[in-house]
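Geometric and topological summary
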Amino acid sequence: MKEGYVIRDQTKIHFLTFTVVDWVDVFTRKSYKDVVISCFEFCIANKGMVLFSYVIMSNHIHCIIQSSKGSLSDLIRDFKKFTAVSILKKIQTEPESRREWMLNLFKQAKNTHNRNKNFQFWKYGNHAVEIYSEKFMWTKLDYIHLNPVKAGIVSNTSDYLYSSASNYVLGKGLLDVEVIDNPIRNISNKNTFDKYLGNA
């Protein structure tokens, strides 16, 4: 069954969610989060990913991205495939007390889809929502950055390492992201944002 959230324009900015099957808390381990960070870096450098915001939670990732090469679906496919293969390899080869339990869940999940050979790591679908205005962009940016605060992990958004919040608050973070000026502080930057929306 096809999900209701469809990417209709491959060139537009989208808010996306990638969820681990059965909401398994894979990303409580630094090693697995670092795979995601490395993949973001690679996609930015080599695959035309424009990353505006992200957060890696224990069992899902939220991000706002755009493809400068005009094929967002292909970019998402490659990102999810690489991270899944890399993390599954780490689970199988590195010290992991939950190995048997996790691999069993991922093996059971693949039985519901013909596309997988051995395991399914990510749920199908990305809950893709097109970013249609700067105000809506900031609604999603705030939602992403507040995730660790609402989960009780940190008190301040910028204190969470695996998020782009520090890029927006402190001007630096684990990854270089495309920072959008807050329209409340700087409403003169609308033309710059229109460039990303394709309205310029």
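Residues numbered from 1 in each chain as written. Predicted model: local features only at pLDDT ≥ 70, side-chain atom pairs only at ≥ 80, totals over all residues. Heavy atoms only, no water.

Quick look at helix α4 (residues 134-150)
Structural remark: α-helix, 3.6 residues per turn; residues separated by three or four positions point the same way. Threshold: Strands here mean DSSP runs of E at least two residues long; helices mean DSSP runs of H or I at least four residues long; both are numbered from the N terminus. Working rule for helices: expected span equals 1.5 Å times residues minus one. The angle separating two fitted axes, one through the seven residues that finish at a residue and one through the seven that start at it, defines the bend at that residue. Only protein chains enter the calculation, and the probe is 1.4 Å; a residue is then buried if its accessible area is under 20% of its type maximum, exposed if over 50%, and partly exposed in between.
With 17 residues, α4 ought to run about 24 Å at 1.5 Å a step, and its terminal C-alpha atoms sit 24 Å apart, in line with that. The sharpest bend along α4 comes to roughly 25°, located at Ile 144, with the proline Pro 148 sitting one to four residues further on. Listed in full, the buried residues belonging to α4 are Glu 134, Phe 136, Met 137, Trp 138, Lys 140, Leu 141, Ile 144, His 145, Asn 147 and Pro 148. Directly beyond the C-terminal end of α4, a positive phi value near 80° is found at Gly 152.

Digging into helix α3 (residues 99-110)
Worth spelling out the cut-off: Arc, as used here, means the arc of the directions from the helix axis to the C-beta atoms.
With 12 residues, α3 should reach 16 Å at 1.5 Å per residue; the first-to-last C-alpha distance of 17 Å fits that figure. Of all the positions in α3, only Met 102, Leu 103, Leu 105, Phe 106, Ala 109 and Lys 110 are classed as buried. The arc that holds the buried residues of α3, viewed along the axis, is 160°, so those residues lie on one side.

Honestly, that's just the spatial picture; any functional story needs more than this.
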